[in-house]
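Below are the chains, spelled out letter by letter.
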Amino acid sequence: QLQLVESGGGLVQPGGSLRLSCATSGFTLDHSAIGWFRQAPGKEREGVSCISSSGGSTNYADSVKGRFTISRDNAKNTVALQMNSLKPEDTAVYYCAAGARCRIRIGVGGGPSSIGMDAWGKGTLVTVSS
């Protein structure tokens, strides 16, 4: 059984920072790509970032590029998403997901696709508001 558990969400003011963590178990993290996705109220889920199994390749949606950083520590079975310069439009439930590899959307906005992501966490809520 593959498990992913997100943590680190909360309330932050615009311009602030949060660091999300995805703790994994039930599989060897070194063999899985990990993506971060988010879903705002009333909107569809969108890809935020993805990191390859080795950590050698990363991808970001245009909306977060330059503000968010994804990283992984395979020894600890964790993947982090450092979020800086947060904006109200970043408010969403954030999910981490595991798959064989990152699949990058070619449409407007960029970011990873959820296709091929086989295991998902239950999400952590990020609220950016003054």
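Since we're looking at a predicted model, the values are computed, not measured. (Residues numbered from 1 in each chain as written. Predicted model: local features only at pLDDT ≥ 70, side-chain atom pairs only at ≥ 80, totals over all residues. Heavy atoms only, no water.)

Caption draft 1: Summary view of the pairing of strand S5 (residues 46–51). Counting buried positions along S5 gives five out of six residues, so the element sits mostly inside the fold. One ladder, built from five bridges, connects strand S4 (residues 33–39) with S5; its direction is antiparallel. Of the residues in S5, the one forming a bridge with Phe37 is Gly47. Hairpin connection from S4 to S5: six residues lie between these consecutive antiparallel strands, with Gly42 at a positive phi of about 75°. In the sheet, S5 pairs with strand S6 (residues 58–60) via three bridges, with the strands oriented antiparallel. Each residue of the ladder has a partner; that of Cys50, found in S6, is Asn59. (Buried < 20%, exposed > 50% of the residue type's maximum accessible area, 1.4 Å probe, protein only. Helix = DSSP H or I, 4+ residues; strand = E, 2+ residues; numbered from the N terminus. Pairing = 2+ DSSP bridges.)

Caption draft 2: Molecular detail of the packing of aromatic side chains. Considering all chains together, one arrives at one aromatic pair under this definition. Measuring from ring centre to ring centre gives 4.9 Å for Phe37 and Trp120, while their planes differ by 45°; the resulting arrangement is tilted. Remark: Trp120 occurs in strand S10 (residues 117–120) and Phe37 occurs in strand S4; sequence separation between them is 83 residues. Relative accessible area serves as the criterion here: at 1%, Phe37 is assigned to the buried category. (Phe/Tyr/Trp six-rings, centres within 6.5 Å; stacked < 30°, edge-to-face > 60°.)

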